[in-house]
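Observations on the model geometry
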Amino acid sequence: MDVFSRMRRLLTWWNAVALTAALAVAGFGGSGIAARRAALKPSSAPRCQPSVMNRSDVLPGTALAVSPLPESLDASPRTQISLLGAPLAQLSNVQVSGSSSGAHSGSLRGYTQGDGASFLPAKPFRAGETVTVHVTLAGHASSYRFTVALPNSIKIAPGVVIASAPSVAQPVQHYHSRPDLQPPALAVTTHAAPTTAPGYVMATPYTGPGQDGPMIFDNSGQVVWFDPMPYGNAATNLQVQQLGGKPVLTWWQGYIPAQGFGEGIEEIADSSYHLSRVYAGNGYWADLHDFRLTPQGTGLITVFDPIRCDLSSAGGSRTAAVTDGVLQEIDLATGLVRREWHSIDHVAMSESVASDRSSSYEWPFDYFHINSIDLHADGSILISARNTSALYELDGHSGQITARIGGRHSTVKLGHGAETAYQHDATLQPNGQISVFDNGAVPKVHPQSRGILLAVDPKTGTDTLVAQFTHPKPLSSGSQGNIQGLPGGNFFVGWGPVSYFSEFSPSGQLLFDVHMPSADQSYRGYRFPWIGTPTEAPAIAASTSSAGSQAGASGALTTVYASWNGATQVVSWRVLAGVSSHALTAVASAPRGGFETTISVPGAQAFVAVQALDASGAVLGSSRVIKG
């Protein structure tokens, strides 16, 4: 390894440490993560799956759904006690005691939605102990217990290889007005058809020669907005969602260990790109795979939790670890965990299509690998798990699995072509069909990856393949990827590690296709309408030369470069110039020419500025004044 590579790895590690520290300072899970990292290595691991699988989280005789799940063995040492299904006023006499840590004092805080509360212990629980909870609901006393897992320590150095600084020869974009932005280049191979759905393409490039970060671009491949990540960090899953009745951008950012999941935070940006953040609760980090906002003011997030586990019953080692797939619902206003669902409690490790034979503390058995969440109108939740090759329907109240589609124990009969392998992004479409990105690779099962539509007939219990969308250039995506249903019936497919983004008609005709001609990946790709109105001023740069047919009487020509990162309503630019920075007049204009517009002004200009104009000619924003 050369000196630069060693320095790069050191800097990558340091940025991961810095993110850990930042989360700790913010007060969301930092100390819990530190405790998990510092966990001691015992001579053998404990049992981690309960004796009775797929229990209900509803306490008998009540409507109260609780987490951690009763009789579960996988709770975080920093867990709160979530009590969902009754107003705060009806909850009383909450008593919590650990078998080795003793009684836990704490506070009871209600959810914004008015349907429950979380008990926040004043101190963490101890790994391996059994915790007993007593609660009174409207005069009815209930109790249950759960066991705290033994967290597993893994190295925090990211597995994502961050490329060196880009050179001019590499497929990276450069801008005079924004030299700090270096997004990857884009190549449009099938130009947008008249029937292409409206909106921009949303992507999150990483691992390539340019900078990593969430990126919005148009049908011509021109960048509209780009937010570069700190060195060593990545972003995934940029999309438009609704929050409080208004569109917002959401994405995940953090670092990606070699074990294949994310440890970071969820970002929400309004139309002015002002940020708010959502953190996982109970001492966890938010995972990169999914983040869904709900109309109730909550967020559904994925978490990957490596815990120590005796895998001997599944043919593995007694001293090993398993990665638990976790789903959390967060009250956005308070940060409280309303509910928490663990795959370990509901899906046996024997259902995995992955092997546990080489699992260890350093490389936990990633038996489940949750990668999508879809909340339905009736409260049920559809999730996808890559490493069981199955979709799971969860009861919205009890958390119990009510149906399996695919995998080793499918509850429906799979029709010809309907079987998925290592799939991602299962989403219920408005007509009741389910869209899935079927990877079918690593190991290779299908000739190529595909986006598919499935229809499950509840009467016959049959899952039928309705349609599939494949790329004319057969693409095989061993990881990542998604399929999005668009207004009007088209479908948009992000191909994950091969960095193609394609739009298809309902019949499968390719209507639009663009890719990054580099080593970049993008976990997902979407198309959404978006209106951005950044509060920062437009950017400007200028240079003067004596060459060119447009040169003025002095033989000079001033070239002005204008851009406004994230502004979507700019139609044209106006150049202001003058001999004084306080006395500028309009000297030129030009239609917007992509992310950065180049405008030639005859003569040497002492001072210049630009104004961004909308379709009516109104000024949307003005740059600072610079020397020409």
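Residues numbered from 1 in each chain as written. Predicted model: local features only at pLDDT ≥ 70, side-chain atom pairs only at ≥ 80, totals over all residues. Heavy atoms only, no water.

1. A closer look at the overall build of the chain
To keep it simple, the criterion reads: Secondary structure elements are defined from DSSP: runs of H or I of at least 4 residues count as helices, runs of E of at least 2 residues count as strands, and each element is numbered from the N terminus. Here's how the labels work: a residue is buried when its accessible area is under 20% of the maximum for its type, exposed when over 50%, partly exposed in between, all with a 1.4 Å probe on protein chains only. In this description, contact between two residues means that some pair of their heavy atoms is separated by no more than 4.5 Å. Using a 1.4 Å probe, accessible areas were evaluated by the Shrake-Rupley method; residue-level cover was limited to the displayed protein chains.
Helices and strands together make up the secondary structure of the chain, namely three helices and 44 strands. Within the chain, the proportion of its 628 residues that are buried is 57%. The long-range fraction of contacts in the chain, counting pairs at least 24 apart against all pairs at least 6 apart in sequence, stands at 59%. For the chain, the computed accessible surface area is about 24,200 Å², with 55% contributed by carbon and sulfur atoms.

2. Quick look at the nonpolar core
Formally: Here, nonpolar core means buried Ala, Val, Leu, Ile, Met, Phe, Trp, Tyr and Cys residues that are tied together by side-chain atoms lying within 4.5 Å of each other.
Grouped together as the largest cluster of nonpolar side chains are 28 residues, with contacts concentrated most on Val322, Phe368 and Tyr392. Looking at this core, the element that brings in the most residues is strand S19 (residues 298-309), giving four residues. Those residues in contact with Phe368, other than ones at most four positions away along the chain, are Gly325, Trp341, Ser343, Val347, Ile383, Ala385, Arg386, Asn387, Thr388 and Tyr392. Formed by 20 residues, the second largest nonpolar core is a distinct cluster that contains Leu64, Val131, Leu137 and Tyr144.

3. Quick notes on the state of the cysteines
The criterion, for reference: When two cysteine sulfur atoms are found within 2.5 Å, that pair is recorded as a disulfide.
On inspection of all chains with the given rule, the structure shows one disulfide. Between the sulfur atoms of Cys48 and its disulfide partner Cys309 the distance amounts to 2.1 Å. The disulfide joining Cys48 to Cys309 has a torsion of about -65° about its S-S bond and is therefore left-handed. Here Cys48, found in the loop between helix H2 (30-37) and strand S1 (65-67), pairs with Cys309, found in strand S19; they are 261 residues apart in sequence, far enough to count as distant. Look at Cys48 and you get buried, because its relative accessible area is 1%.

4. Let's talk about the pattern of salt bridges
Note the following rule: Here, a salt bridge means any side-chain nitrogen of Lys or Arg that lies within 4 Å of a carboxyl oxygen of Asp or Glu.
Counted by the stated rule, this structure contains 16 salt bridges. Of the charged contacts, one joins Glu329 and Arg339 as a salt bridge, the two residues approaching to 3.1 Å between their closest N and O atoms. One end of the pair, Glu329, is in strand S20 (residues 320-331); the other, Arg339, is in strand S21 (residues 337-342), with ten residues separating them in the sequence. Assessed through its relative accessible area of 23%, Arg339 is described here as partly exposed. Counted as one network, the salt bridges with shared partners bring together Asp115, Glu329, Arg338 and Arg339.

5. A closer look at the environment of Ser105
One can find Ser105 in the loop between strand S4 (102-104) and strand S5 (106-110). Setting aside anything within four residues of it in sequence, one finds Ser105 in contact with Phe119, Leu120, Pro121 and Ala122.

6. Re the pairing of strand S7 (residues 130-137)
Going by this rule: In this scheme, strands are said to pair when DSSP sees at least two bridges between them.
As judged from the six bridges shared by strand S3 (residues 91-98) and S7, these two strands associate in the antiparallel manner. Across the sheet, the residue bridging to Ser92 is Thr136, located in S7. Pairing of S7 with strand S8 (residues 140-147), which is carried by eight bridges, proceeds in the antiparallel orientation. Among the inter-strand pairings, Val135 is bridged to a residue of S8, identified as Ser142. The antiparallel pairing of S7 with S8 creates a hairpin that spans two residues between the two strands, and Ala138 there sits at a positive phi of about 50°.

7. Structural notes on the sheet that holds S19
Heads up, the rule is: Inter-axis angles, ranging from 0 to 180 degrees, are taken between N-to-C directions of lines fitted to C-alpha atoms, where helices are fitted over the stretch in contact.
Spatially, the four strands line up as an open sheet ordered S18-S19-S20-S21, and their pairing is antiparallel. Bordering the open sheet on either side are strand S18 (291-293) and S21, each of which pairs with just one other strand. Here the average twist between neighbouring strands, direction ignored, is 25°.

8. Observations regarding the packing of aromatic side chains
Spelled out, the test is: Side-chain rings of Phe, Tyr and Trp, where Trp is taken by its six-membered ring, are said to pair if the distance between their centres is within 6.5 Å; with planes under 30 degrees apart they count as stacked, over 60 as edge-to-face, and otherwise as tilted.
Tallied over the full model, the rule gives 16 aromatic pairs. Their ring planes at 90° and their centres at 5.3 Å tell us that Tyr255 and Trp285 sit as a pair that is edge-to-face. Remark: Trp285 occurs in the loop between strand S17 (275-278) and S18 and Tyr255 occurs in strand S15 (residues 246-255); sequence separation between them is 30 residues. When sorted by exposure, Tyr255 lands in the same class as Trp285, which is buried.

9. So, the pairing of strand S30 (residues 462-469)
Relative to S30, strand S26 (residues 413-414) is paired through two bridges, and the arrangement is parallel. In the sheet register, Leu414 faces S30, and the bridge partner there is Asp463. Taken together, the seven bridges between strand S29 (residues 450-457) and S30 define a ladder with antiparallel strand orientation. Residue pairing across strands places Leu454 opposite Leu465, the latter belonging to S30. Connecting S29 to the next strand, S30, in antiparallel fashion are four residues, including Gly461 with a positive phi near 65°.

10. Some remarks on the environment of Phe504
With respect to the helices, strands and loops of the structure, Phe504 is situated in strand S33 (residues 500-504). Note on Phe504: relative accessible area 0%, which makes it buried. Residues Phe504 and Phe492, twelve residues apart in the sequence, show an inter-C-alpha distance of 6.3 Å. Setting aside anything within four residues of it in sequence, one finds Phe504 in contact with Phe469, Thr470, His471, Asn490, Phe491, Val493, Trp495, Gln509, Leu510 and Leu511.

11. What to know about the sheet that holds strand S32 (residues 491-494)
The five strands are arranged S9-S34-S33-S32-S31 in an open sheet whose pairing can be described as antiparallel. Edge positions in the sheet fall to strand S9 (187-190) and strand S31 (482-485), since each has one partner strand and no second. Neighbouring strand axes in the sheet, compared pairwise and without regard to direction, differ in orientation by 15° on average. Pairing between S32 and S33: four bridges, direction antiparallel. Bridged to Val493 within S33 is Ser502.

12. Considerations on unusual backbone geometry
Of note, the amide linkage connecting Ser67 to Pro68 takes the cis form, showing an omega dihedral of 5°. Mapped onto the fold, Pro68 is located in the loop between S1 and strand S2 (81-84). Between Val442 and Pro443 the backbone carries a cis peptide bond, its omega angle lying at -5°. Inspection of the secondary structure assignment puts Pro443 in the loop between strand S28 (434-438) and S29. Its identity is not glycine, yet Ala138 carries a phi of approximately 50°, on the positive side. One can find Ala138 in the loop between S7 and S8. The phi dihedral of His369 falls on the positive side, at around 60°, and the residue is not glycine.

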